[in-house]
Amino acid sequence: MTDLDADLVVVPRRSVGNLAGTLVVLVLAAMLVHTIVVNPRFEWDVVARYLTVEAIAAGALLTIELTVISMVLGVVLGVVLAVMRLSRNRMLAAISFGFVWFFRGTPLLIQLIFWFNLSALYPALSLGIPFGPEFVTFSANTFITPFVAAVLGLTLNEAAYMAEIVRGGLLGVDRGQTSAAQALGMSRTLTLRRVVLPQAMRIIVPPTANQTVAMLKNTSLVSVLGAAELLHSAQIIYSRTYQTIPLLIVAALWYLAMTTVLSIGQYYIERYYRRGDIGGGRIRLRRSKPAHVQIMGVPS
Amino acid sequence: MQVRGVRKSYGAVDVLRGIDLDVETGEVCCIVGPSGSGKSTLLRCINHLEKLDAGQIHVDGTLIGYRRAGRRLHELSERDAARQRSAIGMVFQQFNLFPHLTVLNNVVEAPVRVKRERPAEVQDRALLLLDRVGLRSKAHAYPAQLSGGQQQRVAIARALAMRPRLMLFDEPTSALDPELVGDVLETMRALADDGMTMIVVTHEIGFAREVGDVLVFMDDGVIVERGAPADVLAGPTEERTRVFLSKVL
Ligand SMILES: Nc1ncnc2c1ncn2[C@@H]1O[C@H](COP(=O)(O)OP(=O)(O)O)[C@@H](O)[C@H]1O
Ligand SMILES: [Mg+2]
């Protein structure tokens, strides 16, 4: 006969495998840390000495500048390209398509070198009426500094990727939202700005954060143009002192620190754009309570 | 409101095949009909969310979506069409509240951004409207925190905040759990009692009977039958109406 006694004690399942696995990982991690700390060839004293020298800090600053400027310009241009691509105007859509096709389809390194050598193709740049008089003319050689070439290359390449990310975000917003906004008399631009883009942001932010991290590291490609960003600053030092590994570690630590800050920023930005979600947008890893419990709990 | 000879097709599919419909000011017109008969499309044509292939629609004596020049109809600019839409309220089956805005901001958004009214004034009016639909206490909640019935009542308040002269309802209770339907219908009934001109696509035959002045049965892109709700429901003259009503009643 079944025993239907109600006050039995519930004991959670215990996993022996989990515990063993954790132990193995901890031991391996300890071994790794040990060899890195003890191996003298890492030259940790050199790392410590160069970590905050002025040349490295200046390089890091340039890296941050390039990242911020190229990312901001890239996002803005990316939004424009995405809207063009989705527009009913075939011409605009085709231009956007062509832009993405080209700048996503060629290596960033080639683009950077190309912009840097623009003066070889067009020695003089000028502003004026097409095929008519020119108002200002300047030498491409003086205009295209390594910094300008870097920003141009990074921005245009970034815009191509951002265009696709933003387009995906815009398409991810329910069509009913556009209908509702238009039914209220909102214009297309107002609908885009106030209704569609803010909702697309939830989809756009995570890959954009990824792009920013990638951008931060891609700025190291600019070292080929001789701009003294973080990696190039490290290279200048180790070409003199031959302490290659420790200086690369210095650069890596800086990149790691900067990407860590970005990840923290990403957490808060994502939370902001999820504020309308049930649970106030906090990202929960544990299973959340049933929805109706939270609805009741909302202060009104 | 007058609809005359309206036709609309998507590619090879003729969705509206010559619609004529008059709704007087203050009247409530209920539209019933099987799924796919073109009811939603007709509503979307009335506020020019869809272009017409033929025919014309007038609301309050104004031609909607087009400007007449002799025998030709030129489509209005996006801006002028938007201005016309701002005087016609629309409520959707899926509510379509803006999920990133609080309930209050959902209601305040269009009057402030579209009509450029003063935010403080609009906010007072929005709170009164939320009071009217029984949701003032939820003003600072987000849509996802409300039940479907509450969301739909906010959607009604949002449309009313633009002071529309005509309200279009597209199956406003079809996405709701049965126990939530009553509150929304009650809100709509109160609106009708206040004299609002309404066109309501619905499967709630009880609502059509009690609140509606006119009942229209649509099938396959045409209006098959129309009349006083009591008459149509009690003695449909067309076979198609009879078959449909026997399924929903
Ligand atoms: N944007 C569209 N593109 C193509 N076909 C459509 C579109 N909207 C509606 N239809 C078609 O038009 C017909 C009528 O749709 P609808 O007006 O939504 O009917 P109802 O609201 O009566 O169910 C359906 O066959 C539907 O598939
Ligand atoms: Mg429909």
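Keep in mind that this is a model prediction, so the values were computed, not measured.

## Details of the packing of aromatic side chains
At step 1: If you walk through the whole model with that rule in mind, you get 7 aromatic pairs over all chains.
At step 2: Judged by centre distance (5.0 Å) and plane angle (80°), the ring pair of Y272 of chain A and Y273 of chain A falls under edge-to-face.
At step 3: Using a relative accessible area of 23% as the deciding quantity, one classes Y273 of chain A as partly exposed.
At step 4: A centroid spacing of 5.2 Å and a plane angle of 35° characterise the contact between F217 of chain B and F244 of chain B, whose relative ring orientation is tilted. Of this pair, F217 of chain B sits in strand 11 (residues 214-219) while F244 of chain B sits in helix 9 (residues 239-248), placing them 27 residues apart in sequence. By the burial criterion, F217 of chain B is buried, and F244 of chain B matches it.

## Structural notes on helix 5 (residues 148-160) of chain B
At step 1: With 13 residues, helix 5 of chain B should reach 18 Å at 1.5 Å per residue; the first-to-last C-alpha distance of 18 Å fits that figure.
At step 2: Of all 13 residues that make up helix 5 of chain B, 13 are buried, and the element is covered over most of its length.

## A word on the site of ligand 1
Residue and element names in this part refer to chain B.
At step 1: The environment of ligand 1 is formed by Y10, V15, P34, S35, G36, S37, G38, K39, S40 and T41.
At step 2: Between ligand 1 and T41, the relevant distance is 2.5 Å, taken from an oxygen atom to a side-chain nitrogen or oxygen of the residue.
At step 3: Compared with its free state, where it exposes 560 Å², ligand 1 has 58% of that area covered by protein.
At step 4: Along the lines of polarity and charge, the residues of the shell around ligand 1 split into 3 nonpolar, 6 polar and 1 charged.

## Re the confidence of the model for chain B
At step 1: Of the residues in chain B, 100% have a pLDDT of 70 or more, and the chain-wide mean is 96.
At step 2: Here the predicted complex scores 0.85 on pTM and 0.95 on ipTM.

## Some remarks on the side chain of S37 of chain B
All names here are of chain B.
At step 1: With respect to the helices, strands and loops of the structure, S37 is situated in the loop between strand 3 (28-32) and helix 1 (39-46).
At step 2: Judged by its relative accessible area of 1%, S37 is buried.
At step 3: Polar side-chain contacts of S37 include one of 2.7 Å to the backbone oxygen of P34.
At step 4: Setting aside residues no more than four positions away along its own chain, S37 makes contact with V15, M218, D219, D220 and G221.

## A short note on the sheet that holds strand 4 (residues 54-59) of chain B
Paired through backbone hydrogen bonds, the strands of a sheet run either parallel or antiparallel to each other.
Residue and element names in this part refer to chain B.
At step 1: Ordered in space as 2-1-4-5, the 4 strands form an open sheet in which the pairing is antiparallel. Each edge of the open sheet carries a strand with a single partner, namely strand 2 (13-22) and strand 5 (62-63).
At step 2: With 2 bridges joining them, strand 4 and strand 5 adopt antiparallel strand pairing. What sits directly across from V59, in strand 5, is T62.
At step 3: Along the sheet, helix 1 makes contact with strand 1 (2-10), strand 2 and strand 4, crossing strand 2 at roughly 60°.

## Section: the pairing of strand 7 (residues 72-75) of chain B
Residues and elements named next belong to chain B.
At step 1: Both strand 6 (residues 66-69) and strand 7 contribute to a ladder of 4 bridges, which runs antiparallel. When the sheet's bridge partners are listed, R68 is paired in strand 7 with L73.
At step 2: Counted between consecutive antiparallel strands, the loop separating strand 6 from strand 7 contains 2 residues, among which G70 sits at a positive phi close to 65°.

## Some words on the sheet that holds strand 8 (residues 88-91) of chain B
Residues and elements named next belong to chain B.
At step 1: Reading across the sheet, the 6 strands line up as 8-9-10-3-11-12 and stay open at both edges, with mixed pairing between neighbours. Single-partner strands in this sheet number two, and they are strand 8 and strand 12 (222-227). Strand after strand, the sheet turns through a mean of 20° between neighbouring axes, direction not considered.
At step 2: Here 4 bridges tie strand 8 to strand 9 (residues 166-170), and the two strands are oriented parallel to one another. Its bridge partner lying in strand 9, V91 is registered against F169.

## Some points on the packing of helix 5 of chain B against helix 6 (residues 178-193) of chain B
Think of two packed helices as two axes; the pair is described by the angle between the axes and how far apart they sit.
Residues and elements named next belong to chain B.
At step 1: Look at helix 5 against helix 6: their axes get within 8 Å of each other, and the N-to-C directions meet at 20°. Taken together, helix 5 and helix 6 sit at an angle that is classed as roughly parallel. Crossing of helix 5 over helix 6 shows right-handed handedness. Note on element contacts: helix 6 touches helix 5 through L180, D183, V184, T187, M188 and L191, opposite G148, G149, Q152, R153, I156 and L160.
At step 2: A breakdown of the residues in the contact of helix 5 with helix 6 according to their chemical character gives 6 nonpolar, 4 polar and 2 charged.

## Some thoughts on the layout of surface pockets
At step 1: One number sums up the size of the largest pocket: a volume of about 1100 Å³.
At step 2: Lining the largest pocket are 29 residues, with R88, R175, T178, Q182 and R188 of chain A sitting closest to its centre.
At step 3: At the level of secondary structure, the elements contributing two or more residues to the lining of the largest pocket comprise helix 3 (54-86), helix 8 (146-171), helix 9 (175-183) and helix 10 (188-218) of chain A together with helix 2 (78-85) of chain B.
At step 4: Of the residues forming the lining of the largest pocket, the biggest block, 5 residues, is contributed by helix 10 of chain A.
At step 5: Here the residues of the lining of the largest pocket are counted per class, giving 10 nonpolar, 8 polar and 11 charged.
At step 6: By volume, the second largest pocket is sized at about 580 Å³.
At step 7: Of all elements in the fold, only helix 3, helix 8, helix 10 and helix 12 (244-273) of chain A reach the threshold of two or more residues within the lining of the second largest pocket.
At step 8: No other element matches helix 12 of chain A, which puts 10 residues into the lining of the second largest pocket.
At step 9: Grouping the constituent residues of the lining of the second largest pocket by class yields 20 nonpolar, 7 polar and no charged.

## Overview of the pairing of strand 11 of chain B
Every other side chain in a regular strand lies on the same face of the sheet, so the side chains alternate between the two faces.
All names here are of chain B.
At step 1: Within strand 11, 6 of the 6 residues are buried, leaving the element largely enclosed by the surrounding structure.
At step 2: When strand 11 meets strand 12, the two strands line up antiparallel, connected through 5 bridges. Paired with M218 across the strands is I223, a residue of strand 12.

## A word on the environment of A181 of chain A
At step 1: Considering the arrangement of structural elements, one finds A181 of chain A in helix 9.
At step 2: Considered as a pair, A181 of chain A and A120 of chain A are 61 residues apart in the sequence and their alpha carbons are 51 Å apart.

How each quantity is defined
Residues numbered from 1 in each chain as written. Chains lettered and ligands numbered in written order. Predicted model: local features only at pLDDT ≥ 70, side-chain atom pairs only at ≥ 80, totals over all residues. Heavy atoms only, no water. Phe/Tyr/Trp six-rings, centres within 6.5 Å; stacked < 30°, edge-to-face > 60°. Buried < 20%, exposed > 50% of the residue type's maximum accessible area, 1.4 Å probe, protein only. Helix = DSSP H or I, 4+ residues; strand = E, 2+ residues; numbered from the N terminus. Expected span 1.5 Å × (residues − 1). Near = heavy atom within 4 Å. Polar contact = N/O pair within 3.5 Å; in protein donor to acceptor, adjacent residues only side chain to side chain. Areas by Shrake-Rupley, 256 points an atom, 1.4 Å probe, with all protein chains shown as cover. Nonpolar A, V, L, I, M, F, W, Y, C, P; charged D, E, K, R; others polar. pLDDT = per-residue confidence, 0-100. Contact = heavy atoms within 4.5 Å. Pairing = 2+ DSSP bridges. Axes fitted to C-alpha atoms, helices over the stretch in contact; angles between N-to-C directions. Parallel < 35°, antiparallel > 145°, perpendicular 65-115°, else oblique. Left-handed = near helix turned anticlockwise from the far one by under 90°. 1 Å grid on protein atoms, 1.4 Å probe; cavity = no way out; pocket = protein on both sides within 12 Å on 5 of 7 lines; lining within 4 Å. Points joined across faces, edges and corners; volume = space filled by probe spheres on them.

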